[in-house]
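Summary of the model geometry
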Amino acid sequence: MSNIKNILFIMADQLRWDYLSCYGHPHLKTPNIDHLAERGVRFDRAYVQSPVCGPSRASFYTGRTVFSHGATWNHVPLPIGELTLGDYIRPQGVKTAVVGKTHMVADGEGMARLGLNETADIGCLVSQPGFDPYERDDGLHPDAGLEKRGGKLRYNDWLRERGYDSENPWNDYANAGEGPNGEILSGWYLKNSNLPARVKEEHSETAYMTMRAREFIAEMGSTPWLCHLSYIKPHWPYIAPAPYHDMYGPETFQPPIRDPREKEDPNPVFGAFMGMNVSETFSQQGVRETVLPAYMGLIKQIDDHLGKLFDWLKETGRMDDTMIVFTSDHGDYLGDHWMGEKELFHEVSVRVPLIIVDPRPEADATRGTVSEAFVEAIDLVPTFMEATGAPPAPHRLEGRSLMPLLHGVTPPDWRDAVFSEIDYAFYAARQALGVGPSDARGYMIRTEKWKYVYFKGYPPQLFDLENDPDEFTDLGRHEAYEDIRRDMHNRLTDRLTDRKNRVTMTDDAVLAMRARESKIGIIIGVWDQPD
């Protein structure tokens with residue numbers, strides 16, 4: 001079997017798994033993403049290692065769970081010693097680059113200790129992390145520290161070249177609307193979400209990033225490449241350019257997934273998150289109805305631009321030697337479960353779309369199929385490694401290659417549960433609970449039937465997904481389910497103790513060291529010298 005030459009690794013930010021037509025949304029049509037599913041495998045049960053941008057992406061990039069790699073939240077640096085996707089496949093001659101968002105922060109302390117800076121080649125790679133920052137844009141407010149981090153938003157320069165006269169056109173045009181008297185109405189405020197952005201559609205972030213990805217691919221020529229096209233949308237600010245801002249009306253909205261029972265004596269941690277400002281706002285009448293047109297329009301815009309990119313790949317012959325992966329870093333509550341944002345472990349937050357197209361003949365038998373296997377974000381790094389011929393690293397990686405599933409074989413020992421975790425030290429919910437920063441941890445294990453959530457210092461949550469798929473009835477404190485909770489807790493403990501912490505030595509090296517001891521004269525516990 002020949003190796004994959006190129007990989008287009010597409011990620012949309014904060015895209016729910018159920019807001020694509022191939023995943024069942026009845027009104028939001030995404031024909032170009034659907035076409036990927038027709039050409040490859042659509043994974044119906046894909047889960048992220050943490051429902052927050054930074055730690056989720058760090059797991060996508062390292063193949064390791066969150067408390068293994070240590071980047072537990074958005075501004076927590078990935079330690080300088082952690083290997084990432086580029087480190088594994090770059091030795092195979094693959095050029096790895098990011099176009100868009102990574103939400104990763106450089107380990108400045110570690111770099112200073114080693115005398116590295118971000119302008120040098122090595123320092124750039126470890127600070128990006130492991131990608132060539134062809135077009136790095138985290139989609140965050142540039143005034144909120146981008147310059148302090150030594151960065152510059154090239155998208156702003158590009159907008160100014162096109163006549164958007166502002167010190168910060170990202171904020172004032174691409175993510176703002178306009179009032180009746182010409183006043184700038186910021187997209188950060190949810191009440192403005194249904195306004196058209198002040199930027200032309202062809203100058204929006206989604207259009208720009210797609211263009212830059214195409215330019216990178218064209219520049220590569222015959223050089224093998226991995227392009228991480230990482231869209232900033234449909235993440236907030238929820239505001240879309242015309243005509244996408246008002247394509248969807250109330251008749252296209254799915255009803256909120258929430259029930260008054262969830263507010264009756266809730267798990268304390270869940271209750272604290274429901275009490276945060278963003279959750280209370282999204283629970284108000286009219287808020288999600290104002291946000292949804294923009295959210296859905298931004299998804300439709302991504303699909304349209306991907307269609308143009310796919311057409312170009314076909315014209316240039318690159319569809320034939322390029323693996324395409326489409327996924328998201330987490331979902332979005334959008335008012336479901338009386339919540340806003342993401343963070344906790346309901347399906348709308350922790351479950352994501354995942355579609356993979358392997359262009360090789362070995363994958364022909366699975367084209368257009370749906371896999372029900374439990375898969376996780378950490379599975380992509382070993383998948384990319386196997387695809388490009390990189391040697392495996394089982395002593396370090398905690399995920400498994402999806403290649404067997406892509407080729408129609410489900411290993412008999414495939415996982416029967418998925419795992420995710422959260423460091424909620426940075427949230428108002430932690431303060432409301434009076435929990436110390438190092439104790440603000442939560443963990444999820446989900447099987448076919450059960451979902452178990454353990455919050456350190458608090459009662460667990462338990463949901464019977466077979467009889468309660470919407471996760472309305474929490475059985476975490478119900479006496480009749482004590483045995484189930486014990487079994488699920490044991491499963492969670494097994495998963496927590498299965499992490500890979502001895503990352504600097506392989507199992508084979510461990511065995512070789514033990515065998516070598518007697519040869520070099522290390523004698524322990526022997527009573528007498530042999531005759």
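Here's what I pulled together on the structure shown here.

1. Remarks on the nonpolar core
- Phe 9 and Met 323 are the most contacted members of the largest nonpolar core, which totals 70 residues.
- Setting aside residues up to four positions removed in sequence, Phe 9 forms contacts with Phe 60, Tyr 61, Leu 85, Leu 226, Cys 227, His 228, Leu 229, Val 325, Thr 327, Leu 380 and Phe 384.
- In this structure, Tyr 23, Trp 158, Cys 227 and Val 357 belong to the second largest nonpolar core, which totals 61 residues.

2. Some points on the packing of aromatic side chains
- Evaluated as defined, the whole model comprises 24 aromatic pairs.
- When the ring centre of Phe 374 is taken as reference, the NZ or CZ atom of Arg 45 above it lies at 4.2 Å.
- We note Arg 198 situated over the ring of Tyr 173; from NZ or CZ to the ring centre the distance is 4.2 Å.

3. A closer look at a nonpolar patch on the surface
- The grouping of Ile 520, Ile 522 and Ile 524 at the surface amounts to a nonpolar patch, some 330 Å² of accessible area in total.
- Tracing the backbone through its elements, the reader meets Ile 522 in the segment after α18 (507–516).
- Given a relative accessible area of 41%, Ile 522 falls into the partly exposed group.

4. Quick notes on the pattern of salt bridges
- The final tally for this structure, using the stated rule, is 41 salt bridges.
- Salt-bridge contacts for Glu 135 lead to Arg 212; the nearest nitrogen and oxygen are separated by 2.6 Å. With Glu 135 in strand β4 (residues 132–136) and Arg 212 in helix α9 (residues 205–220), this residue pair connects regions lying 77 residues apart in the sequence.
- Linking Lys 451 and Glu 347 is a salt bridge whose minimum nitrogen-to-oxygen distance equals 2.8 Å. Residue Lys 451 is located in strand β13 (residues 450–455), and its partner Glu 347 is located in helix α13 (residues 347–350); the two are separated by 104 residues in the primary sequence.

5. Considering the environment of Arg 318
- In this structure, Arg 318 sits in the loop between α12 (287–315) and β8 (322–328).
- Excluding its chain neighbours within four sequence positions, the residues that come into contact with Arg 318 are Ile 217, Ala 218, Gly 221, Trp 225, Trp 312 and Leu 313.

6. A closer look at the packing of helix α7 (residues 154–161) against α9
- Running from amino to carboxyl end, α7 crosses α9 at an angle of 105 degrees, the nearest separation of the two axes being 12 Å. Classified by the angle their axes make, α7 and α9 are roughly perpendicular. On α9, the residues touching Arg 154, Tyr 155 and Trp 158 of α7 are Glu 205, Tyr 208, Met 211 and Arg 212.
- For the contact of α7 with α9, the class distribution of residues is four nonpolar, no polar and three charged.

What counts and what doesn't
- Residues numbered from 1 in each chain as written.
- Predicted model: local features only at pLDDT ≥ 70, side-chain atom pairs only at ≥ 80, totals over all residues.
- Heavy atoms only, no water.
- Core = buried A, V, L, I, M, F, W, Y, C linked by side-chain atoms within 4.5 Å.
- Buried < 20%, exposed > 50% of the residue type's maximum accessible area, 1.4 Å probe, protein only.
- Contact = heavy atoms within 4.5 Å.
- Phe/Tyr/Trp six-rings, centres within 6.5 Å; stacked < 30°, edge-to-face > 60°.
- Lys NZ or Arg CZ within 6 Å of the ring centre and 35° of its normal.
- Patch = residues over 30% accessible without salt bridge, like charges linked within 9 Å, V, L, I, M, F, W, Y side chains within 5 Å.
- Areas by Shrake-Rupley, 256 points an atom, 1.4 Å probe, with all protein chains shown as cover.
- Salt bridge = Lys/Arg side-chain N within 4 Å of Asp/Glu carboxyl O.
- Helix = DSSP H or I, 4+ residues; strand = E, 2+ residues; numbered from the N terminus.
- Axes fitted to C-alpha atoms, helices over the stretch in contact; angles between N-to-C directions.
- Parallel < 35°, antiparallel > 145°, perpendicular 65-115°, else oblique.
- Nonpolar A, V, L, I, M, F, W, Y, C, P; charged D, E, K, R; others polar.

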